[in-house]
Amino acid sequence: MRRVPQPPPEIRSDSGDSSDDYQEPDQVYPKPQRVNMADRDVFLSVPGSRKGRYSSLCSDDELLDDDNEPISIRNSLWQDYGLSTLQESVYLPVTGRVLAQPPRDGPSPEPCPVLKMGWLDKNPPQGSLYYQRRWVKLDVDYLRYFDNDKEVYSKRIIPTAAITGVTNVGEQKFEVVTTNRTFLFRAESDSERNEWVSVLQNFTKGRQEGSREITASVPPSLLTPGSPLTPEQQGYLELRGLRSKLYTVVSGDKVFLYKNVEDYRLGIGITSIDMNVGNVKDTDRRSFDLTTPYRIFSFLADSEQHKEQWVEAMRDAIGEALSNSEVANQIWAEPSNGCCADCGAAKPEWAAINLCVVVCKRCAGEHRGLGPSISKVRSLKMDRKVWTEELIQVFLLLGNERLNGFWAANVPPSEALSPTSCSEDRRLFISSKYRQGKYRKYHPLYGNQRELNNALCINVQCSDVLETLCLVFCGADVNCSTGQADCPSPLSLAHAHNQKLQAEFLSHNLNTELPRSEVAGLMEPQHYSPQHSVTHNGFLFKTASMARPITERKAKEEFSRRWCTLNDGNFSYYESDKTSTPNGVLKSTEIVCLAVNTPERHGYDHTFELYSESERLYLFGTDDPVSHKEWVKSITKTFILPNAEGLLRLGFDRIGRLRYKDGLNLQSPRVGWFALVGSSLHAYLEDSVEEEEIHLRKLQELSIQQENEVLVLVERGRTLYIEGERKLDFQGWCVSIQRAAGSAGDSLSQQQLTETDIPVIVDRCIDYITQCGLTSEGIYRKSGVNSRVAALCEAFRRDARSVRLKDGEHQVDDVSNTLKRFFRESGEGLFPIQAASAWLSTPVVPDESMKISQYQLLLSRLPRVNKATLRALVNHLYCVQRFAELNQMNLHNLAIVFGPTLFQTDGKDYTAGRVVEELIEHYTDIFEVDEQQLKRQLDEITAIIKVREKLNLNSSVPASGSAGDFICTVYLEEKKETAEQHVKIPGSMTAAELTCEILDRRKIQVREKDYWSCWEVSQKEETERPLHHLERVLPILHSLGTDSHLLVKKTPRHGGHTRLPGQ
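Fair warning: this is a prediction, and the values are worked out from it, not measured in the lab.

**Q** Would you mind going over the pattern of salt bridges with me for this structure?
**A** A side chain of one charge can pair with a side chain of the opposite charge when the charged atoms of the two come close. Tallying each qualifying case throughout the model produces 41 salt bridges. With a shortest N-O distance of 3.4 Å, R134 and D147 are connected by a salt bridge. Of the two residues, R134 is situated in strand β5 (residues 130-139) and D147 in the loop between β6 (142-146) and β7 (156-159); the sequence distance between them amounts to 13 residues. A residue is classified by how much of its surface remains accessible, and R134, at 1% relative accessible area, is buried. Through salt bridges that share partners, D121, R133, R186 and E188 make up one connected network.

**Q** I tried to follow the sheet that holds strand β12 (residues 246-251) on my own but got confused; where do I start?
**A** Sheets are built from strands paired through backbone hydrogen bonds, the pairs being either parallel or antiparallel. Spatially, β14-β13-β12-β11-β17-β16-β15 is the arrangement adopted by the seven strands of the open sheet, whose pairing is antiparallel. Strands with a single pairing partner mark the edges of an open sheet, and in this sheet they are β14 (271-274) and β15 (279-282). Neighbour-to-neighbour, the strand axes of this sheet turn through a mean angle of 35°, independent of strand direction. Relative to β12, strand β11 (residues 233-239) runs antiparallel, the two sharing five bridges. Looking at the pairing, Y236 lines up with Y247 of β12.

**Q** Honestly, the nonpolar core in this entry has me stumped. Any pointers?
**A** Here is a general trend for soluble globular proteins: nonpolar side chains tend to be buried in one another's company. In terms of nonpolar packing, the biggest core is built from 66 residues, with Y780, W839, L870 and L919 touching the most fellow members. Counting 49 residues, the second-largest nonpolar core is a separate cluster that includes A341, A352, C356 and L491.

**Q** Whenever I open this one, the side chain of R764 confuses me. Can you help?
**A** Relative to the helices and strands, R764 is located in helix α14 (residues 760-772). D763 is the oppositely charged side chain nearest to the buried, salt-bridge-free R764, at an N-O distance of 4.9 Å. Only 3.1 Å separates the side chain of R764 from the backbone oxygen of A800, close enough to count as a polar contact. Non-local contacts of R764, meaning those with residues more than four positions away in its chain, are made with F796, A800, R801, V803, R804 and L805.

**Q** How should I be thinking about a negative patch on the surface in this particular structure?
**A** Negative charge collects at one region of the surface, where D847, E848, E921, D925, D930 and E931 lie side by side. The topology assignment puts D930 in the loop between α23 (923-926) and α24 (931-955).

**Q** Can you walk me through the state of the cysteines in this structure?
**A** Simply put, disulfide is the name for a covalent bond between the sulfur atoms of two cysteines. Going through the model one piece at a time under the given rule, you end up with zero disulfides. Left unpaired, C343 is separated from the closest cysteine sulfur, that of C360, by 3.6 Å. Residue classification places C343 among the buried positions, given a relative accessible area of 5%.

**Q** Help me out: how do you make sense of the packing of aromatic side chains in this one?
**A** Each aromatic ring pair is summarised here by two numbers: the centre-to-centre distance and the angle between the ring planes. Taken as a whole and assessed by the stated rule, the structure comprises 34 aromatic pairs. Through a chain of ring-to-ring contacts, three or more aromatic side chains come together here, namely Y153, F288, Y294, F297 and F299. Between K1049 and the ring centre of W1015, over which it is positioned, the NZ or CZ distance is 4.3 Å.

**Q** How do you make sense of the side chain of S375 when you look at a structure like this?
**A** Considering the arrangement of structural elements, one finds S375 in the loop between α5 (361-369) and β20 (377-379). At 2.8 Å, the side chain of S375 and the side chain of H367 are in polar contact. In this structure, S375 is in contact with A352, N354, L355, H367 and L370, ignoring residues within four places of it in sequence.

**Q** What is the right way to look at the environment of S431 in this model?
**A** Within the secondary structure layout, S431 lies in helix α7 (residues 423-435). We classify S431 as buried; its relative accessible area is 5%.

**Q** Quick question: what am I supposed to make of the sheet that holds β20 here?
**A** The strand order across the open sheet formed by three strands is β19-β18-β20, and the pairing between neighbours is antiparallel. Strand pairing shows two members of the sheet lacking a second neighbour, β19 (357-359) and β20, which therefore form its edges. Neighbour-to-neighbour, the strand axes of this sheet turn through a mean angle of 30°, independent of strand direction. Across three bridges, the pairing between strand β18 (residues 350-352) and β19 is antiparallel. By the bridge assignment for β19, A352 is matched with V357. Against the sheet, helix α6 (residues 389-407) engages β18 and β19, with an angle of about 85° to β19.

How each quantity is defined
Residues numbered from 1 in each chain as written. Predicted model: local features only at pLDDT ≥ 70, side-chain atom pairs only at ≥ 80, totals over all residues. Heavy atoms only, no water. Salt bridge = Lys/Arg side-chain N within 4 Å of Asp/Glu carboxyl O. Helix = DSSP H or I, 4+ residues; strand = E, 2+ residues; numbered from the N terminus. Buried < 20%, exposed > 50% of the residue type's maximum accessible area, 1.4 Å probe, protein only. Pairing = 2+ DSSP bridges. Axes fitted to C-alpha atoms, helices over the stretch in contact; angles between N-to-C directions. Core = buried A, V, L, I, M, F, W, Y, C linked by side-chain atoms within 4.5 Å. Lys, Arg positive; Asp, Glu negative; His and termini not counted. Polar contact = N/O pair within 3.5 Å; in protein donor to acceptor, adjacent residues only side chain to side chain. Contact = heavy atoms within 4.5 Å. Patch = residues over 30% accessible without salt bridge, like charges linked within 9 Å, V, L, I, M, F, W, Y side chains within 5 Å. Areas by Shrake-Rupley, 256 points an atom, 1.4 Å probe, with all protein chains shown as cover. Charge placed at Lys NZ, Arg CZ, Asp CG, Glu CD. Disulfide = S-S within 2.5 Å. Phe/Tyr/Trp six-rings, centres within 6.5 Å; stacked < 30°, edge-to-face > 60°. Lys NZ or Arg CZ within 6 Å of the ring centre and 35° of its normal.

From the geometry alone we can't say anything about function, so treat these as descriptive.
Structure below.
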């Protein structure tokens, strides 16, 4: 069924250009009669339409029309269909529009300053003749276009960060080129066109020349989700009146709408909704309304549970928007804070809290480039925790105008910024202003360190914060000695005299790097390493440095006693404490990693390793654990960035900086700080203000791409690529992370786990038996082959994540006995020893309801992993006994087998079996199971069994063979009859194996640079998703709708794709 197109408000003709994929119309359509566009009153005739009452949410260049349909047919359809017929088109119904409704009391939207706006003609993609009249706005965030100049919500938002070029392409026309597509516009005249091109080119000039993009300064909540962010909620929602669902993202204080998930990944959206004017209301079981003063958005979720999640996320966004505005409004109460301290842009939403200036988004990006020791950038709307009452009062007391009397006292007019200045100009100006102090007003005591320090100690006792700022940024030492034992520093003096604002200012400048007097030239972006005032000294024992990993144990005789000092960011070691010339020096800027060895790893009980930029490894040791701990902490503090100092609180095994790629940013690596703590990897990633934790035992994949030295960490919804900038320390990271990600013992919590905290061995065995063994007579009672069971147990123990149970390669009885042996031999067992007696005494409770309550209480007291594992196992056993007529394993038989196994008893009495029997019997009550979900699970199992029986009947293959395989149709390159391949899909087949199977059948030779992958394609939602190469195909088949299929195709090579085995 074809969507009926809605005509735009005005359509102009031109015989020249096509749409975003620019091509000459003669190649597609017969050449039309040329129209003289110089006469602006002459247009091609278009069908009449009712104007102003339709409001498209999807852009005109995204309509799902039939590309081959004659334009005349479309025109007639416009006249024949009324509004009721368009209820399933991509246009929002009239009922969704709120007219003449005054905004409610409270904050109103605060859009970014508009750099340029006006009427332009835009060419749609599906016809090369017709231009559409659009109202276009350019601000620092987006290039947007609207149906008219009254609309609040756009038809398309194009992130300015994605614009890579702007060029003239003929009379009155110009192209806006992004990283993934091209947009063609036409102005009223050449002069108007030139003005648009000039503004756009000037705005993007800094990016085109390789300077840092403005996205470095944008908070996650304000970016289009095509940039690296973690949205609070995302997924498809149905918007009332639309046939297709929209991909919706709640991020920060905004809601973004996208046509589909691919547009979301590209960052090209339909519109964004500011939640500070929004209100969310429940309307039905699965539906809710997002109401703004300008429009009502009526959404329909997939389920009632999903609706509640969406409503909660949107209400949180409203709360965040309203609360965030409070700080900004307070800061803006000082009139001079209403304009950027650097370029003068209105309503600046960022601040350098140590410099005390309020700046706009674009200038904030350049402030961040200075490094946190020069400018500590925080958002007025996002970083609520940092904005204490005292800090707000400091900003109100000083204000941008007074501060620029110091920072910008000598700015030449030719060097001053304006709101439209390009990124390169901003970078040079801000660096000169704050890094070099080029324009500051020098204090009379400048150059006299002693007098500056004395003046600072005197001034912090009074309320003149501006004088304190001038002293500090003209050279006074914030950490100087006051000469007073009870108040040794200026900060303690300020506290002693109850000068809270002075103390607040000083606390943010304890490690600030002061402006330099010399003026530097063009500054290239570089890794910033602050100079710490950490000092430490003492004796350590050292081996000779080496250029290879230390794999052997170093005896005490191989160490030499050295006097070591840590001062001014230099770690030096001397022959003795009497020697003045060091044997060697390691600068903090050269240290990239510190590794703490396990006790007694070497001759000295406590050792640590230092890795340098020059690919050298230094081993130091001591027998004193306290001294060892102090050295590790002190050295680490000298080379780690201040914004990652949160890692210092951890008892890390390894810490340092690494390059990485993640999310949608796979083109160029960024720098992050990582700390390995047990089985968790903690990280402060670039532009991230919060610490992230990666549970290594829960990874879906952990692999090393040896050819390009990349460590790949795959967790649900995210893949992190850690790159080896230096081979020596990268090799150490790989070994340590792989060891940490493996099983560390026999207890359940020490195993490799799934995302739901179930040991991988349990999950894999249950899944295999569900697919291949539920009809096997005597399942779990029959013994497997002991040698095969032992081999399987050892493989799971070595690396459970890499074990793939395959029908035909593994036998059902071997797998079932592997699962039983795991529970019998696992550490404390599923039921901890101290709790086992309580479980075993529960069956004697006479009242059934009290008995169930007792089981629920004991369940709640189990450790997290034990609880999740017990739930999964009992669910599996419940399903097994539901098919007892096939496998002869009823409730009692299963209890006899698993009672002694789970409680690790000798099985002489039936007490343990009784517990297991009652857990299975009362499964739905004890575990509070959703019966609808359980019914769907049983229906799926029944379907699997029926298919197995049918295949057995047709092929006379025993049930232990490939009877669990599904036959499905897979397409090669495109969906057409000649590209069909009918493939038998066993339960264990991965996407990579399916891809290889298809290529082998078609005898396609895979070349060195070819990347083939399997995709799930949904025709209804017009989306396609690449399957991870280790993702199992059978569960995907179960979830595919009738309008979806699998497709194997070759994809362009980039960092986000994984090569097939053998490539």
